[in-house]
Each structure stands twice: as structure tokens, then as C-alpha cells.
Amino acid sequence: MDNEQRIDELLTQIIEEKDRVIGYPVAKDFDYSRLYEFLKHPINNIGDPYEGNTYKVQTHEMEREVVDFFAQLFRADPTDYWGYVTNGGSESNLYGLYLARESHPNAMVYFSESTHYSVRKNIHLLNLPSITIRAQENGELDYGDLENTLQLNRHKPAIILTTFGTTMTEAKDDVSKVKGILKKLAIQNHYIHCDAALAGSYGPFIEPRIPFDFQDGADSISISGHKFIGSPFPSGVIIAKRSLRDRIARGISYIGSLDTTITGSRNGHSPLFLWYAIKKMGVKGLEERYRHSLEIAQYCKEELIKIGIKAWTNPGAITVVLPKVSDPIKKKWQLATDHITHVICMPNVSKQQIDEFIQDMVQERKSATDTSDRAFAIQA
Ligand SMILES: *Cc1c(COP(=O)(O)O)cnc(C)c1O
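Not measured: the values here are computed from a predicted model.

Draft legend 1. Up close: the state of the cysteines. Summed over the entire model, instances satisfying the criterion amount to zero disulfides. Here C300 is not cross-linked by a disulfide; its sulfur's nearest cysteine counterpart is in C345, at 4.9 Å.

Okay, structure coming up:
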């Protein structure tokens, strides 16, 4: 096979597989064709998006508008926010923890069992002491365990890592409850980073509201750009308090900017793509996407229950949790599975896809019953 053929084949394969992803949080209903011309240019957003820069082939202005958009959505203090477009939720989490450590060098980090794997790795990279807190059955932080553990370490500053949309069950930790516990224990030196990689983009639309943002008590919030919004390449956003960022800023004459970001060279296309998406959707469009996803998730849950499968969802979640599925179904629908399986109803997932998935589940149970009937007949 020559290279030309290999490229064609890869493309065909990606298109085929893409249609059946219902187990991972990636929206696929995007059209960025208006921006294709930009792929011909070496765009690089090196440096701080708010500072002057010697390299001018960049999209810093759009990047700042993306930060503005999410800062507003997350009710940040208009006079005290900052942020940048990252490589993804993992880098955003690393940044949040980095800021937290610089603000409270001797702190202990608390995070729950259901926290995303990037957090443990980041804590390790930053060499931070940490304690794992129990999670409740639904994946949410066990506030009682948090309170008891904090109590034992009251003399230390606390960094709490909350998750808004856990990976397996889309559980959401309540930031105001966490804040309440810190207040009750009089731990004044604290920092809350909210990992909202999955659910942050639609967090404000969830009813009833689940506290997670700056007004609720978060000091920094991370989201992924390629999940609910959708993008051809991974991206993320970190929103933090400007006053905290100022402590770590270092001037670098070679780039004529401040070194405030994790990586030096940064993707300049992804801020532009994100900017394009949010301009096109607006807050209203984002909300509509959420309502649609929620409706499909409800539908999926009901249809699964109808065929006797114990499916459930966390309040306001677009993730449907069900008992572990068989390997063939897991492979065909690319379903993330550990001791449970989940279907994530991203905005592109349709009722028709859910129907096909349900049909596969019915078919499989039917053939399983047939086999056990036969086994029974043989035994008899
Ligand atoms: C996806 C996700 C991450 C990691 O984000 P990437 O963009 O894959 O780096 C972190 N936390 C949560 C809760 C996530 O859902």
C-alpha cells in the first residue's frame, strides 16, 4: 500500500469510527470550514495572551475573548480574572494546582476518589502532599469524610480539588458545601480549584443550579474545549484570579512577554476555533445544546429501563450510567467501561443512535437467553 492509499484509508476509518462514539465526551457536530485557510500559517500563541509579544503571527485577541466569555459564564470578578487557552483539561488542572501551590506553599491537597487521573499525576508533578477523600455512591465527594479529614489537618492550608462532572458518572461536587466546611473549621488559608473539564460549559444551565463557579467559592476553573463544544483538536481553558497569576509572572525578554503559561509555544489555532464556536453559538446556543443533550440522556435512560437495565443519571447529567456491558457492545460503541459503563449524550448523539444501541442490547440479551434456554434443555 502506498502512502497516498494509507492516508485515504485512515480517513475512511476515522469517519466510520467517529459515528459510533457514544462512550466518550466528544462533540462531533462542528463545522470549522470557514477557518481552513488558517491552517496554511504558522500561528503560535507563545507568551501571555494579555501582554505585548514580539511574535505577531498569533490569535491573542481571540484568545482573550474566549477567556472573557468563560470568565463571564463562571461569574468571575470582572476586575480580577485572567486565563488562557490550554492543551486540554489536564493542563488546565495542572495550572490550577500550580497557582494553588504558589499561593499556599505548605498546603495539603484534598481530592476525591472519583477525581480525574490527570489530577493525581499533576499532584505528583508538583510534589504536593495529598489525601484522597471518599466518594459517595453516585461519584460525588463525601462531604462528611472531607470535614473529618480537614479537621485532623486544620493547622495546614488546604487546597481542595472539586470535580464538576466526574469521568464515570458525571457527579458534581458542590463548591459552596466545601466552602461551608472550610468556614466552619475556620481554615482561612485555602484554595479551591474546580475541575469542570466536562460539565463547565453547560454548568450555568443546570436546574436546579449546582454551585461550582467563582461566586460559589472557586479560585480557578478548568474546562476542555473539545468535549461539549467540539473541536478537531484537543484544547482547554483555565480561568483564574488575576491577582494570583501576578505572583508567578516572570518577564522573558526573548519572547517580549511574561512567562505565565505552562508551555512556551502554544497552539494558536485552537483559541481561534473556540472563539468561532462560541461566537456562533453564544450563551443561548450553548444552553440549547445542553437542553438537547439532557433530553437524549433522559430518553436513553428510559429506553434502557424499559428493557430491564438498571440505568441511572446524576441530577442534570447528560451521562447515563448502566451496569457493565459485554465486550462486543463495548467495542462497537466505544463505551468507556470499568465496573460500570456509561453513555455520554453529547450534543451530536441522536435518538436514532440510541435506538440502534438499545437494539443491540436487546439482541444480545435475546441470544444470551436463547443459549441459556438451550443449556437448560440439554440439562433436562
Ligand atoms: C476530560 C477530563 C479531564 C482531562 O481533560 P483533557 O482535555 O483530556 O486533558 C480532566 N478532568 C475531567 C473531569 C475530565 O472530564
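That shown, we press on.
Draft legend 2. Layout of the side chain of H342. Looking at where H342 falls in the secondary structure, it is placed in strand β11 (residues 340-344). Only 3.2 Å separates the side chain of H342 from the backbone oxygen of T167, close enough to count as a polar contact. With sequence-adjacent residues up to four places away left out, H342 is seen in contact with I22, G23, T167, M168, T319, V320, V321, L322, L335 and A336.

Draft legend 3. Region of the structure containing the UniProt feature "modified residue: N6-(pyridoxal phosphate)lysine" (unreviewed entry) in the chain. The feature "modified residue: N6-(pyridoxal phosphate)lysine" (unreviewed entry), as annotated in UniProt, sits at K227 in this numbering. As for its placement among the helices and strands, K227 is situated in the loop between β6 (220-224) and β7 (236-240). By relative accessible area, which is 17% here, K227 ends up buried. Ignoring anything within four residues of it in the chain, the contact list for K227 reads P25, V26, A27, A197, L198 and M346.

Draft legend 4. Examining the site of the ligand more closely. What surrounds the ligand is a group of 14 residues, the closest being G89, S90, D195, S224 and K227. Residue S90 places a side-chain N or O atom 2.7 Å away from an oxygen atom belonging to the ligand. One of the side-chain nitrogen or oxygen atoms of S224 is found 2.9 Å away from an oxygen atom of the ligand. Ranked by residue count, the leading element in the shell around the ligand is helix α3 (residues 89-103), at three residues. Residues belonging to the shell around the ligand are distributed by class as follows: two nonpolar, 10 polar and two charged.

Draft legend 5. Fine view of α3. Between the first and last C-alpha of α3 there are 21 Å, a value that for 15 residues agrees with the 21 Å anticipated at 1.5 Å per step. Burial analysis of α3 places 11 of its 15 residues in the buried class, which makes it a mostly covered element. Residues of α3 that are buried: G89, E91, S92, N93, L94, Y95, G96, L97, L99, A100 and S103.

Draft legend 6. Representation of the nonpolar core. Membership of the largest hydrophobic core comes to 80 residues, with the highest contact counts inside it found for F70, L150, L304, V343 and F357. If one sorts the elements of this core by residue count, helix α8 (residues 269-306) sits on top with 14 residues. Each of domain 1 (3-28 + 285-379) and domain 2 (33-280) accounts for three or more of the residues forming this core. One finds W82, Y84, L99 and F111 within the second-largest nonpolar core, a separate group that totals 21 residues.

Draft legend 7. Main features of the sheet that holds strand β4 (residues 158-163). The sheet built from seven strands is open, its strands ordered β1-β7-β6-β5-β4-β2-β3 with mixed pairing. Strands with a single pairing partner mark the edges of an open sheet, and in this sheet they are β1 (82-86) and β3 (130-133). Each strand axis lies, on average, 15 degrees off the axis of its neighbour in the sheet, ignoring direction. Pairing between β1 and β7: five bridges, direction antiparallel.

Draft legend 8. A look at unusual backbone geometry. Cis geometry is adopted by the peptide bond preceding P208, which originates at E207 and carries an omega value of -10 degrees. As for its placement among the helices and strands, P208 is situated in the loop between β5 (190-195) and β6. With a phi angle near 50 degrees, Q334 is a residue other than glycine that sits in the positive phi range. Tracing the chain through its elements places Q334 in the loop between α9 (327-333) and β11.

Draft legend 9. Structural view of the pairing of β5. Most of β5 is tucked away, with six of its six residues classed as buried. Across the two faces of β5 the burial is the same, with H190, I192 and C194 and Y191, H193 and D195 all buried. Sheet topology note: the β4/β5 ladder contains six bridges and is parallel. Residue pairing across strands places A158 opposite H190, the latter belonging to β5. In this fold, the crossover linking β4 to β5 by way of helix α6 (residues 175-184) has right-handed handedness. Across three bridges, the pairing between β5 and β6 is parallel. Across the sheet, the residue bridging to H193 is S220, located in β6.

Draft legend 10. Local environment of the pattern of salt bridges. Tallied over the full model, the rule gives 24 salt bridges. One salt bridge connects R209 with D213, and the closest N-O pair in it is separated by 2.9 Å. For R209, a relative accessible area of 35% puts it in the partly exposed group. Residue classification places D213 among the buried positions, given a relative accessible area of 1%. Note that D219 and K241 form a salt bridge whose closest N and O atoms lie 2.9 Å from each other. Separated by 22 residues along the polypeptide, D219 in the loop between β5 and β6 and K241 in the loop between β7 and α7 (242-245) bring together distant segments of the chain. By relative accessible area, D219 is classed as buried at 9%.

What counts, and where the lines are drawn
Residues numbered from 1 in each chain as written. Predicted model: local features only at pLDDT ≥ 70, side-chain atom pairs only at ≥ 80, totals over all residues. Heavy atoms only, no water. Disulfide = S-S within 2.5 Å. Helix = DSSP H or I, 4+ residues; strand = E, 2+ residues; numbered from the N terminus. Polar contact = N/O pair within 3.5 Å; in protein donor to acceptor, adjacent residues only side chain to side chain. Contact = heavy atoms within 4.5 Å. UniProt positions renumbered as here; feature names shortened; annotations may be inferred. Buried < 20%, exposed > 50% of the residue type's maximum accessible area, 1.4 Å probe, protein only. Near = heavy atom within 4 Å. Nonpolar A, V, L, I, M, F, W, Y, C, P; charged D, E, K, R; others polar. Expected span 1.5 Å × (residues − 1). Core = buried A, V, L, I, M, F, W, Y, C linked by side-chain atoms within 4.5 Å. Domains from an automatic or database assignment. Pairing = 2+ DSSP bridges. Axes fitted to C-alpha atoms, helices over the stretch in contact; angles between N-to-C directions. Right-handed = clockwise from strand over helix to strand, strands pointing away. Salt bridge = Lys/Arg side-chain N within 4 Å of Asp/Glu carboxyl O.

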